[in-house]
Amino acid sequence: MTSIVRLYGNQPTKCGYCSEKKESHQYVLEAVSLSIEDYQLLLDRGWRRSGMHLYQPNRQNICCVPYTIRLNTALFVPTKADKRVLRKLETYLVQGDKKRKRSQDQNQDERPLKKVALVDSRCEEIKELLKNTIWTYITPFVDDLNKAKEALDGKICVLREKSAKVKLERGNYTSPFAHVVCAYLKKQGKSQNVDVDTVAKDLCRLITLPENLTITATKGFLNVYDMTSVSESTPSLPEKAEEKTQDAEKQQKREWHLETIRPTNTPEIYEIYKAYQEHVHNDTAVTPASFESFLVATPLPTKPASTQGSFFQLYRLDNELIAVGVIDIIGKNWSSVYFFYKPEYSHLQLGTYSALREIARCNGGYYYMGYYIANCIKMQYKARFTPSELLCPMTLQFVPLTKQIQALVDADASKVVQLNAEEVAQEKGDVDDIILHYPQGAIRVKDAKSSLHPAILTHLEDFIKVAGPELIQRLRVQMF
Ligand SMILES: [Zn+2]
């Protein structure tokens with residue numbers, strides 16, 4: 001397959017990783033067609049795909065530096081927190097209907113929190129972590145943080161759940177704090193539109209807990225599960241867990257299916273995407289066309305029998321589609337493009353669950369997780385899968401993501417850091433070698449130079465900087 005691209009050049013964009021949202025730039029190209037091999041080369045130079053477009057953030061003048069992150073799945077060992085996610089789904093398969101019915105019947109106001117309230121040192125620890133997260137969270141919303149701290153400090157409470165039955169549903173610890181934050185922000189007139197569910201979910205995403213604690217948000221309550229109190233009888237590896245899930249399926253009414261298909265826009269899939277974008281990202285401008293161009297369109301080969309290229313992984317529970325993972329399979333490597341799910345199933349931590357399944361199925365290759373962004377809490381989860389590697393933006397080599405490297409990168413999110421000591425090679429690409437693609441055929445720049453406008457040559461020089469000497473001889477540049 002010949003790769004054919006159209007060059008859009010450096011395009012302005014707003015940083016989507018931090019609250020500053022400063023203007024940054026990215027180099028964008030549209031791929032009319034793209035071979036698997038060329039896509040791999042682009043990924044290893046820090047590019048990402050979005051529909052038919054590929055982009056590489058311009059790291060020269062940037063708000064938050066993105067580092068390509070990939071996981072070596074051959075050496076991957078799931079953590080206790082990962083196992084907890086797998087177990088949670090198993091429990092749900094067994095008890096789901098009952099649990100769902102209970103939560104439908106039970107109004108949040110009827111929760112008998114006071115009856116089960118107990119305080120211990122774990123409570124205090126969670127409370128401290130929660131407090132710190134809350135101060136970070138409300139900073140953009142309030143004029144005077146100290147005043148807000150004063151007003152809210154005494155109201156932060158974390159309660160320990162006593163009954164085993166309640167624990168299963170609500171975690172070992174629970175905090176109604178999102179309700180308090182929400183009420184305060186409304187009272188200050190800062191965020192009339194804010195709702196308690198969103199606040200709880202945001203806090204859930206922002207908080208960093210010790211490895212053995214996991215947190216979910218339900219109806220504005222933050223529920224913390226303490227894994228150290230869970231028995232270790234369940235399997236340790238995702239593959240084994242999958243087998244167990246399948247065994248469980250046979251015995252239970254609820255059935256769990258994973259289906260892999262080529263990207264397609266059906267009403268069933270689109271509805272989930274729309275609900276997810278609206279609920280999780282507050283994106284109200286979703287249309288079938290925007291879905292199509294973001295996740296369905298792909299320049300990669302789509303031969304029906306091939307196991308390579310772009311796919312949707314459909315997760316179904318009792319024949320109900322509940323989540324979709326968008327992935328690219330490139331040789332033996334997998335690239336996770338996107339993941340969306342029905343918001344009402346957020347308590348199952350499907351993002352982590354699907355990542356674990358993708359890692360298991362990647363089976364020894366590299367699992368590309370997109371970008372790691374320093375200090376961006378939304379992206380921190382990527383660093384918890386180990387052993388992973390970051391692409392050094394200067395030497396273009398992958399470097400093991402150790403605690404030291406992470407600290408180096410986290411020290412200044414806007415500074416491009418060289419991650420290894422290798423000498424930065426001066427890439428020598430010659431504009432003459434670029435292949436231009438016309439309907440009549442292909443021609444090298446050196447043979448067409450006299451007919452090319454100088455502005456086009458400048459444009460092509462920019463392309464060399466982002467694509468490098470090897471790719472410019474492989475990708476054909478469409479000029480019409
Ligand atoms: Zn930023």
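Report follows, based on the coordinates.

Reading the values: the criteria
Residues numbered from 1 in each chain as written. Predicted model: local features only at pLDDT ≥ 70, side-chain atom pairs only at ≥ 80, totals over all residues. Buried ≥ 20, exposed ≤ 12 C-beta atoms within 10 Å, placed from the backbone. Helix = DSSP H or I, 4+ residues; strand = E, 2+ residues; numbered from the N terminus. Pairing = 2+ DSSP bridges. Contact = placed C-beta atoms within 7 Å. Axes fitted to C-alpha atoms, helices over the stretch in contact; angles between N-to-C directions.

## Some details on the pairing of strand β5 (residues 66-72)
- With six of seven residues buried, β5 lies mostly within the body of the structure.
- Bridge count between β5 and strand β14 (residues 366-373): six bridges; the pairing is antiparallel. Within the sheet, the bridge partner assigned to N72 lies in β14 and is Y366.
- Pairing between β5 and strand β15 (residues 388-391): three bridges, direction antiparallel. Paired with R70 across the two strands is E389, which belongs to β15.

## Focus: helix α8 (residues 196-206)
- Taken together, the buried positions of α8 are V196, V199, A200, K201, L203 and C204.
- Here the buried face of α8 lies against α4 (121-138), α7 (177-187), β8 (213-218) and β9 (221-226).

## Considering the sheet that holds β5
- Spatial strand order, β10-β11-β12-β13-β14-β5-β15-β16: eight strands in an open sheet with mixed pairing. This sheet does not close on itself; its edge strands, each paired only once, are β10 (256-261) and β16 (398-400). Sheet twist, expressed as the average angle between the axes of neighbouring strands with direction ignored, equals 35°.
- Bridge count for strand β13 (residues 333-341) against β14 is two bridges, and the pairing is parallel.

## Examining the environment of G309
- Tracing the backbone through its elements, the reader meets G309 in strand β11 (residues 309-317).
- You can call G309 buried: it has 20 C-beta atoms within 10 Å.
- Placed 22 residues apart in sequence, G309 and G331 show a C-alpha to C-alpha distance of 8.8 Å.
- Residues within four places of G309 in sequence aside, it is in contact with T298, L300, P301, T302, D328 and I329.

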